[in-house]
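Breakdown of the fold
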Amino acid sequence: MATYAIGDVQGCFDELQALLARVGFNRAHDRLWFVGDLVNRGPKSLAVLRFVKALGDRAVTVLGNHDLHLITQYEGFEKKRKDDTFTDVLAAPDAKELVDWLRTRPMMHVEGNHAMVHAGLLPQWTIEKSALFAREVEQALRAPDYRDFLANMYGSKPERWEDGLSGWDRLRVIVNAMTRMRFCTPEGAMEFHSNGIQPPAGYLAWYDARQDDRPIVFGHWSALGLILTDRIAGLDTGCVWGGPLTALRLEDRWLVQVPSPGYQKTGDKG
């Protein structure tokens, strides 16, 4: 049995199928870990969602910012953006079933020696604490009154974690760290305007601010590209922008990539 962690798919269904063929994915024995952002900006979000959902417990996907954007747009809290490409999902006869399934995916996955999150974890959060915080958001997304949370989920304030945070502020910080963050200060103040690779003054890449050495698999940061160290595996290689789609076999760190023609102009990257 093998476990393949896969970078941001973002509706690139054909590339996903080519990647799984390249690694020899065996549905009966292997498992797939998706770092989030299954949908949007690529051409086939509907096909991706239907495929991953049909894999059942052979696949784990954590929520990314584009996944949350689809959920909130379906629920009427977000307007369509010019670069959205998930109209196929919104118009599908099984749209509610797919969006409800997506809404109940985890924020973070921890198994064995690895943790997986879409964007990052704040420096003062251990893996154990992070998993507990993720559960808080998951409970809000799965609750009967989940729409109340969606109505209050967006916003960049508070910008940092405090143990005494409560209510929507507390959940919003957790969501922002796990689905949006790239840079933060050593004290855990987040910055949301920069998406390149150079940190603004006073900030660090979130993983450089952390002291925990347990391996974290993540996506979200296509400008960063592939980054593999003993501590991190950044797997968003920008398939939707013309970079490859990447899979990493966690057992031995075998890396496999397939090319993509790209579906968005790199000048619009963000």
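Structure shown above.
Everything numeric in this text was worked out from a predicted model, so none of it was measured.

**Regarding the pairing of strand 13 (residues 254-258)**
Sheet topology note: the strand 12 (residues 245-249)/strand 13 ladder contains five bridges and is antiparallel. By the bridge assignment, Ala 247 is partnered in strand 13 with Val 256.

**Regarding the pairing of strand 4 (residues 108-111)**
In terms of strand pairing, strand 4 meets strand 5 (residues 114-117) through four bridges, oriented antiparallel. Within strand 5, the residue paired with His 109 across the bridge is Met 116. In this structure, the hairpin formed by strand 4 and strand 5 is closed by a connection of two residues, where Gly 112 is found at a positive phi of approximately 60°.

**Some details on the sheet that holds strand 6 (residues 183-184)**
In a beta sheet, neighbouring strands pair by backbone hydrogen bonds and run either parallel or antiparallel. Spatially, 7-6-8 is the arrangement adopted by the three strands of the open sheet, whose pairing is antiparallel. Looking at the sheet topology across the chains shown, the edges are occupied by strand 7 (190-191) and strand 8 (204-205). Where strand 6 and strand 7 come together, two bridges link them in antiparallel fashion. Considered in strand 7, the bridge of Phe 183 is made with Glu 191.

**Here we look at the sheet that holds strand 10 (residues 227-228)**
Here five strands make up an open sheet; going across it, the order is 4-5-9-11-10 and the pairing mixed. Pairing within the sheet leaves two strands with one partner each, and these edge strands are strand 4 and strand 10. Here strand 5 runs beside strand 9 (residues 216-218); their pairing, made up of two bridges, is parallel. In the strand pairing of strand 9, Ala 115 is matched with Ile 216. Together, strand 4, strand 5 and strand 9 form the strand contacts of helix 6 (residues 127-142), whose direction differs from that of strand 4 by roughly 135°.

**Thoughts on the environment of Met 108**
Summarising the element assignment, Met 108 is placed in strand 4. When its relative accessible area of 3% is taken as the criterion, Met 108 is described as buried. Residues Met 108 and Ala 28, spaced 80 residues apart in sequence, show a C-alpha to C-alpha distance of 24 Å.

**Thoughts on the packing of helix 2 (residues 45-54) against helix 5 (residues 95-103)**
To describe two helices that pack against each other, one gives the angle between their axes and the distance between the axes. One way to put it is that helix 2 packs onto helix 5 with a least axis distance of 11 Å and a crossing angle of 65°. Between helix 2 and helix 5 lies a crossing whose hand is left-handed. Along its contact with helix 2, which presents Leu 46, Leu 49, Arg 50, Val 52 and Lys 53, the element helix 5 presents Glu 97, Leu 98, Trp 101 and Leu 102. Looking at the contact of helix 2 with helix 5 residue by residue, the class counts come to six nonpolar, no polar and three charged.

**A few points about the state of the cysteines**
Counted under the stated rule, the structure contains zero disulfides. Not part of a disulfide, Cys 12 finds its nearest cysteine sulfur in Cys 239, a span of 3.6 Å. Residue classification places Cys 239 among the buried residues on the basis of a relative accessible area of 1%.

**Topic: the nonpolar core**
One finds Ile 6, Leu 32, Phe 34, Leu 38, Leu 49, Trp 125 and Met 178 to be the most contacted residues of the largest nonpolar core, which totals 79 residues. Discounting residues that sit within four places of it in the chain, Phe 34 has contacts with Ile 6, Val 9, Leu 16, Val 52, Ala 59, Val 60, Thr 61, Val 62 and Met 116. Counting 11 residues, the second largest nonpolar core, distinct from the first, contains Val 35, Met 116, Val 217 and Leu 250.

**A word on the pattern of salt bridges**
All told, the structure shown has 17 salt bridges when counted by the stated rule. Measuring nitrogen to oxygen at the nearest pair gives 2.7 Å for the salt bridge that ties Arg 31 to Glu 111. Linking Arg 31 in strand 2 (residues 31-34) with Glu 111 in strand 4, this pair joins segments that are 80 residues apart in sequence. In this structure, Glu 136 and Arg 170 form a salt bridge, with 2.7 Å as the shortest nitrogen-oxygen distance. Placement of Glu 136 in helix 6 and of Arg 170 in helix 8 (residues 167-179) is noted, with a sequence separation of 34 residues between them. Take Glu 136: its relative accessible area is 25%, and that puts it in the partly exposed class. Several salt bridges share partner residues, and in doing so they unite Lys 96, Asp 100 and Arg 103 into one network.

**A short note on helix 6**
Between the first and last C-alpha of helix 6 there are 22 Å, a value that for 16 residues agrees with the 22 Å anticipated at 1.5 Å per step. Of all the positions in helix 6, only Ile 127, Ser 130, Ala 131, Phe 133, Ala 134, Val 137, Glu 138, Ala 140 and Leu 141 are classed as buried.

**What to know about the packing of helix 6 against helix 8**
Two numbers describe how helix 6 lies on helix 8: the axes approach to 10 Å, and their chain directions differ by 115°. With respect to helix 8, the axis of helix 6 lies roughly perpendicular. Handedness of the helix 6/helix 8 crossing: left-handed. Every residue of helix 8 that contacts helix 6 at Ser 130, Phe 133, Ala 134, Glu 136, Val 137 and Ala 140 is listed here: Arg 170, Leu 171, Ile 174, Val 175 and Met 178. Residue classes in the contact of helix 6 with helix 8 are distributed as eight nonpolar, one polar and two charged.

Definitions and limits used
- Residues numbered from 1 in each chain as written.
- Predicted model: local features only at pLDDT ≥ 70, side-chain atom pairs only at ≥ 80, totals over all residues.
- Heavy atoms only, no water.
- Pairing = 2+ DSSP bridges.
- Helix = DSSP H or I, 4+ residues; strand = E, 2+ residues; numbered from the N terminus.
- Contact = heavy atoms within 4.5 Å.
- Axes fitted to C-alpha atoms, helices over the stretch in contact; angles between N-to-C directions.
- Buried < 20%, exposed > 50% of the residue type's maximum accessible area, 1.4 Å probe, protein only.
- Left-handed = near helix turned anticlockwise from the far one by under 90°.
- Nonpolar A, V, L, I, M, F, W, Y, C, P; charged D, E, K, R; others polar.
- Disulfide = S-S within 2.5 Å.
- Core = buried A, V, L, I, M, F, W, Y, C linked by side-chain atoms within 4.5 Å.
- Salt bridge = Lys/Arg side-chain N within 4 Å of Asp/Glu carboxyl O.
- Expected span 1.5 Å × (residues − 1).
- Parallel < 35°, antiparallel > 145°, perpendicular 65-115°, else oblique.

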